[in-house]
Amino acid sequence: MNKIPIFFFPGMSSTSLIFERLEWDTSRFELHFLEWLPCEKKESLADYVQKYIPLIQQNNPILVGVSFGGIIAQEIAKRINVQKVIIISSVRSNKEFPKRFKWAKYTKVYKLIPTHGVEFLLRMIERYGNDKQKKRVAMYNRYLSIRDPHYLNWCIQAVLTWDQKEELNHVVHIHGTKDEVFPFKNIRNAIEVPGGTHAMIIVKYKWFNQHLEKIILK
C-alpha cells in the first residue's frame, strides 16, 4: 500500500519539535517535517514560498501548517497539486485577522516591535520570574527557539501583509476556542477544539492524537 505523504510546517519562531507528541500510523503515512528556511530582508512571501517547492517531491501530498505555517502551506497549495491542506491555529484569509492586525498593517506600527529584545526578556524571566513564568520560558526555549530579529521582523510583516481575501478549496481548519492570536470569534467554518489556545498543538496533543488521522483520511 502506498503511504500518504504529509508535510508539516511549524509556526513562526518554532521548529518541527512542536509536532513531537503527535502519534502516527507510520504504515499508512509518510511524514516529512520541514523547518523554516533563511529569508532575505525584502523577500516577498511568494518568492520565499517558492523555496519549499523543490523539497516536496511526492505527488499530491497533504500539507499541515500551524499558525504562520498554515499560511505557508496554503501558499504552496496555490503552486502545486495537493490532496488537502490542514491548518491549525491559523487563518484561511486576511478577513479572519483581528482588528489589531489590520491596524498594525495600515499604521506600520509593527516595524517598531523590539524583536531584538526577546532573548534578553526571556533570560530575565528565567532569572527573576516565578515558577509558573519559568516553566513557560522553558517551553518557549524548547519549542520557540528561532529568535533572530531579522527573521522575526520578516515573518511579522509577511503575516500582516498577507493578501489572501478569499478562502481556498481543500483547506481544513482546526482552531481553538481560546486562541489568543487569532480569536475564535473571527474564524469561520473551522473544526472547534474546546479550550484550545494558540499553542494547542503542544498542550492539546491528546486531542490531535485522537482526531487528526481521522480528519486527514476523511
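In short, a report on the structure. The model shown is predicted, which means the values in this text are computed figures rather than measured ones.

## Topic: the sheet that holds strand β4 (residues 84-88)
At step 1: Read from one edge of the open sheet, six strands run β2-β1-β3-β4-β5-β6, paired in parallel fashion. Looking at strand neighbours, the two that pair on one side only are β2 (29-33) and β6 (191-193), the edges of this open sheet. Going from strand to strand, the sheet's axes swing by 20° on average, the running direction of each strand aside.
At step 2: Two strands pair when backbone bridges link them, and strand β1 (residues 4-9) and β2 are joined in this way by five bridges, in the parallel orientation. From the neighbouring strand, I6 faces β2, where its bridge partner is L31.
At step 3: Contacts from helix α2 (residues 68-77) reach β1, β3 (62-66), β4 and β5 (171-176) within the one sheet, and its direction differs from that of β3 by about 150°.
At step 4: Helix-sheet contacts for helix α8 (residues 205-217) involve β1, β2, β3, β4, β5 and β6, and the interaxial angle to β4 is about 155°.

## Topic: the pattern of salt bridges
At step 1: With the rule as written, the count across this model stands at seven salt bridges.
At step 2: K95 is paired through a salt bridge with E166; the nearest N and O atoms lie 3.3 Å apart. A residue pair is termed long-range when its members are at least 10 positions apart, and K95 in the loop between β4 and α3 (99-107) and E166 in the loop between α6 (149-160) and β5 qualify at 71 residues.
At step 3: Salt-bridge contacts for R188 lead to E167; the nearest nitrogen and oxygen are separated by 3.6 Å. Taken together, the residues span a long stretch of sequence, with R188 in the loop between β5 and β6 and E167 in the loop between α6 and β5 at a distance of 21 residues.
At step 4: Overall, the relative accessible area of 30% leaves E167 in the partly exposed class.

What counts, and at which threshold
Residues numbered from 1 in each chain as written. Predicted model: local features only at pLDDT ≥ 70, side-chain atom pairs only at ≥ 80, totals over all residues. Heavy atoms only, no water. Pairing = 2+ DSSP bridges. Helix = DSSP H or I, 4+ residues; strand = E, 2+ residues; numbered from the N terminus. Axes fitted to C-alpha atoms, helices over the stretch in contact; angles between N-to-C directions. Contact = heavy atoms within 4.5 Å. Salt bridge = Lys/Arg side-chain N within 4 Å of Asp/Glu carboxyl O. Buried < 20%, exposed > 50% of the residue type's maximum accessible area, 1.4 Å probe, protein only.

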